[in-house]
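# Residue-level structural notes
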Amino acid sequence: MGKIHIRHGRVIDPANEIDRIGSVYIADGKIASVAEEPAGFKADIVIDASNQIVCPGFIDLSVRLREPGHSRKATFKSETRAAASAGVTTMCLQPDTNPVIDTAAVAELIKELAEKANYPQVYPIAALTQKLEGNELSSMLALKEAGCIAVSNANQPIRNLLILRRAMEYAASHDLLLMFRPNDYWLGNNGCAHEGPVATRYGLPSIPDAAETIALDQCLELAELTRCRVHFGQISCKRSVIKIHQANKYGLNVSADVSIHQLHLTENDIKPFDSAYHVLPPFRTEADKQYLRQGLASGTISSICSDHQPHDIDAKLGAFPETDPGVSSLETLLPLMLKLVSQHAITMEQGIAALSEQPARILQLRSGALTPGFPADVCVFDPDMDWQINKQNWHSRGVNTPFWNQTFKGRVTHTLQAGKVIFCVPSYR
């Protein structure tokens, strides 16, 4: 594996409190040094990062790649290419594949698909219950030994809180992280929009924010009872932020992330005949959006995820409530984060930390930083490059994004995974 010298860039590494113009030296797939050139170092590849930012590669806590089981929508090959173009070097795959990730054999299949796509850093999340049916616990220890990084029931309900308690006790006994998307299935009532004036105006089945906060409350109580490590995924409303802040204040071992699109869009942005705006949890109020931003700035919400869910055209055809929810969002992760910075919602350091250092800490990974000896997962991006979301610039097979044909500022020019260049804009070679 060759030696790489990334020079003249603005190096931002929140984990090591670095923000300066300088160099990053890479050898044997690992970070060799930041700033100081190692003795006898001779680069095989030199990357000129002038007027660009060099930071740790991004870690995405929630993606669907549609394989195995739904390859008509997307594949590991197409979506890992999209991830590389977005500066994402590590992804956590939700367990609602087909078959479900509830056996070691399926976890091994996920790793094989990742290796074949030349993107080995896809970590499967194990199903909390068998087939995600919420009735019987999965073999969590065997799944952990097969490489699963956490456990989750994805978006599927657990009908009996005693089962959730036993699952959390089991996870805690094996030091497994529970990733929990809070949503009371019955209060949600198959809704597709936030319960408010917009849903009423257009006659859309609605989901109250209480569906999220009640489920979150129940899980917090069980987290205190079982001492299980819990990460709340894709929270969407003000009262969830308040409850997580209180839980952290009183010493519970919990964390939370927010989907990048929830920080920019609200119920008022929804076009009732455009299913690109059909997401779960639904876009909520302007007040909720502002509180999510404040929670991110204060650290109550530690991470940003893409919640990437590519769909084929058929899945997004039909009446709004009848379409499949989800946004293809890997490639808008960086520009939407930079938009938060330009709007002074967060600092650049906070944005990069929420995409690298903090997810690594939650997952207990030895990455997310430019620390010497760590794997050389690096993102180089031009914060001022304008680009339009269109077929020429888009890599994901899913084009279900509400931002189609919009122009954004900020684009990745190089992505390195374990010291290997996995993406490079041709004009920056």
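Our structure's up above, just so we're on the same page.
Below, the structure is looked at part by part. Predicted model only: the values in this text are computed from it and were never measured. Residue numbers run consecutively from 1 along every chain, following the written order of its sequence. In keeping with the model being predicted, local features are shown solely for residues with a pLDDT of at least 70 and side-chain atom pairs are shown and tallied solely at 80 or more, while totals for entire chains, interfaces and linings include all residues. Side-chain calculation: all heavy atoms of the structure are included, whereas hydrogens and water are not.

## A look at the overall build of the chain
We count a stretch as a helix when DSSP gives it H or I for four or more residues in a row; a strand needs E for two or more, and each element gets its number in order from the N terminus. On a plain count of helices and strands, the chain comes out with 12 helices and 18 strands. With the radius of gyration taken over C-alpha atoms, the globule rule is written as 2.2 Å times the number of residues to the power 0.38. In terms of overall size, the chain behaves like a compact globule, its C-alpha atoms giving a radius of gyration of 21 Å where 429 residues would be expected to give roughly 22 Å. Dimensions of the chain along its principal axes, counting C-alpha atoms only, are 65 × 45 × 45 Å. Summary of the burial criterion: residues with accessible area below 20% of their type's maximum are buried, those above 50% are exposed, and those between are partly exposed, where the area comes from a 1.4 Å probe applied to protein chains only. For the chain, buried positions account for 61% of its 429 residues. Between two residues, a contact is recorded if the distance between any of their heavy atoms is within 4.5 Å. Taking the intrachain contacts of the chain between residues at least 6 apart in sequence as the baseline, contacts between residues at least 24 apart amount to 73%. Counting rule for charge: Lys and Arg are taken as positive, Asp and Glu as negative, and neither His nor the chain ends is counted. Note on charges: their place is set at NZ of Lys, CZ of Arg, CG of Asp or CD of Glu. Once the 41 positive and 46 negative side-chain charges of the chain are each reduced to a mean point, those two points are 1 Å apart.

## Details of the pairing of strand S3 (residues 30-34)
When DSSP locates at least two bridges between a pair of strands, those strands are taken to pair. The pairing of strand S2 (residues 18-27) with S3 spans 4 bridges and is antiparallel. Bridge pairing links Val24 to Val34 in S3.

## Concerning the nonpolar core
With 96 residues, the main nonpolar core has Val230, Phe232, Ile304 and Phe381 as its most contacted residues. Top contributing element to this core by residue count: helix H10 (residues 333-342), with 7 residues. Those residues within four positions of Phe381 in sequence are excluded, and the remaining contacts are Gln52, Ile53, Cys55, Leu334, Leu338, Met348, Ile352, Arg411, Val412 and Thr413. Ile26, Ile47, Leu370 and Val378 belong to the second largest nonpolar core, which has 16 residues in total. Here, the term nonpolar core denotes a set of buried Ala, Val, Leu, Ile, Met, Phe, Trp, Tyr and Cys residues that are joined through side-chain atoms within 4.5 Å.

## A short note on the packing of aromatic side chains
Each pair of aromatic rings taken from Phe, Tyr and Trp, with Trp reduced to its six-membered ring, is defined by centres within 6.5 Å and is described as stacked if the planes are under 30 degrees apart, edge-to-face if over 60, and tilted in the remaining cases. All chains considered together, the criterion is met by 5 aromatic pairs. Relative to Trp186, the ring of Tyr185 lies with its centre 5.4 Å away and its plane at 85°, an arrangement referred to as edge-to-face. Overall, the relative accessible area of 37% leaves Tyr185 in the partly exposed class. By relative accessible area, which is 48% here, Trp186 ends up partly exposed. When the ring centre of Tyr123 is taken as origin, the NZ or CZ atom of Lys111, which lies over that ring, is 4.9 Å away. Either the NZ atom of lysine or the CZ atom of arginine qualifies as a charge over a ring when it sits within 6 Å of the ring centre and within 35 degrees of the ring normal. Positioned above the aromatic ring of Trp387 is the side chain of Arg411, whose terminal nitrogen or guanidinium carbon lies 4.4 Å from the ring centre.

## What about the environment of Ala369?
Relative to the helices and strands, Ala369 resides in the loop between helix H12 (357-363) and strand S16 (378-388). For the pair Ala369 and Pro14, spaced 355 residues apart in sequence, the C-alpha separation works out to 7.5 Å. Dropping the residues within four chain positions of it, Ala369 is found in contact with Asp13, Ala15, Asn16, Pro56 and Phe374.

## As for the pattern of salt bridges
Definition used for salt bridges: Asp or Glu carboxyl oxygen within 4 Å of a side-chain nitrogen of Lys or Arg. With the rule as written, the count across this model stands at 13 salt bridges. The residue Glu169 makes a salt bridge to Arg165 at a minimum N-O spacing of 3.0 Å. Here the residue Glu169 and the residue Arg165 both occupy positions in helix H4 (residues 161-173), the gap between them amounting to 4 residues, near one helical turn. When its relative accessible area of 29% is taken as the criterion, Glu169 is described as partly exposed. Here Asp209 and Arg239 are joined by a salt bridge, their closest N and O atoms 3.4 Å apart. With a gap of 30 residues between them, Asp209 in the loop between strand S12 (206-207) and helix H7 (210-226) and Arg239 in helix H8 (residues 238-249) connect regions that are remote in the sequence. The class for Asp209 is partly exposed, based on a relative accessible area of 22%. Three or more residues are tied together by salt bridges with common partners; here these are Arg10, Asp19 and Glu349.

## A few points about the side chain of His194
Checked against the element boundaries, His194 lands in strand S11 (residues 193-194). Overall, His194 belongs to the buried group, its relative accessible area being 6%. Identification of polar contacts relies on pairs of N or O atoms within 3.5 Å, with a donor-acceptor requirement for protein atoms, meaning one able to donate a hydrogen and the other able to accept it, and with residues adjacent in sequence counted only if both atoms are side-chain atoms. A distance of 2.9 Å separates the side chain of His194 from the side chain of Arg284, its partner in a polar contact. Contact partners of His194, with chain neighbours within four places excluded, come to Ala199, Ser206, Ile207, Asp209, Glu267, Pro282, Phe283, Arg284 and Thr285.

## What about the sheet that holds strand S10 (residues 177-180)?
Taken in spatial order, the 8 strands of this open sheet run S6-S7-S8-S9-S10-S13-S14-S15, and their pairing is parallel. Strands at the two margins of the open sheet, each flanked by one partner only, are strand S6 (58-63) and strand S15 (303-305). If you compare each strand with its neighbour and ignore which way they point, the axes differ by 30° on average. Structural elements are reduced to axes, namely lines fitted to C-alpha atoms, with helices fitted over the stretch in contact, and the angle between N-to-C directions of any two is expressed from 0 to 180 degrees. In the packing of helix H1 (residues 76-85) onto the sheet, the strands contacted are strand S7 (88-93) and strand S8 (122-127), and the crossing angle to S7 comes to about 135°. Taken strand by strand, H7 contacts S10, strand S13 (230-232) and strand S14 (254-259), and its axis lies near 165° from that of S13.

## Notes on the packing of H10 against helix H11 (residues 348-355)
The N-to-C vectors of H10 and H11 enclose an angle of 150°; their axes lie 9 Å apart at closest approach. Taken together, the axis directions place H10 and H11 in an arrangement best described as roughly antiparallel. For H10 against H11, the interelement crossing comes out right-handed. From H10, Leu333, Met337, Leu338 and Val341 reach across to H11, where they touch Met348, Gly351, Ile352 and Leu355. Amino acids are sorted into nonpolar (Ala, Val, Leu, Ile, Met, Phe, Trp, Tyr, Cys and Pro), charged (Asp, Glu, Lys and Arg) and polar (every other residue, Gly among them). Among the residues forming the contact of H10 with H11, the class breakdown is 7 nonpolar, 1 polar and no charged. In this scheme, roughly parallel covers angles under 35 degrees and roughly antiparallel covers those over 145, while 65 to 115 is roughly perpendicular and the rest are oblique. In this scheme the crossing of two helices becomes right-handed for a clockwise turn of the near helix relative to the far one and left-handed for an anticlockwise turn of less than a right angle.

## Observations concerning H1
Along H1, 8 of the 10 residues are buried, which leaves the element largely enclosed by surrounding structure. Along H1, the residues classified as buried are Phe76, Ser78, Glu79, Thr80, Ala82, Ala83, Ala84 and Ser85. Packed against the buried residues of H1 are S7, helix H2 (104-116), S8, strand S17 (407-417) and strand S18 (420-424). Gly87 sits one or two positions beyond H1 and adopts a positive phi of about 80°.

## Let's talk about H7
Every helix has an expected span of 1.5 Å times one less than the residues it contains. Helix length check: H7 (17 residues) gives 24 Å between terminal C-alpha atoms against 24 Å at 1.5 Å per residue, within 8%. All of the buried residues in H7 are Ala211, Glu212, Thr213, Ala215, Leu216, Cys219, Leu220, Leu222, Ala223 and Thr226.

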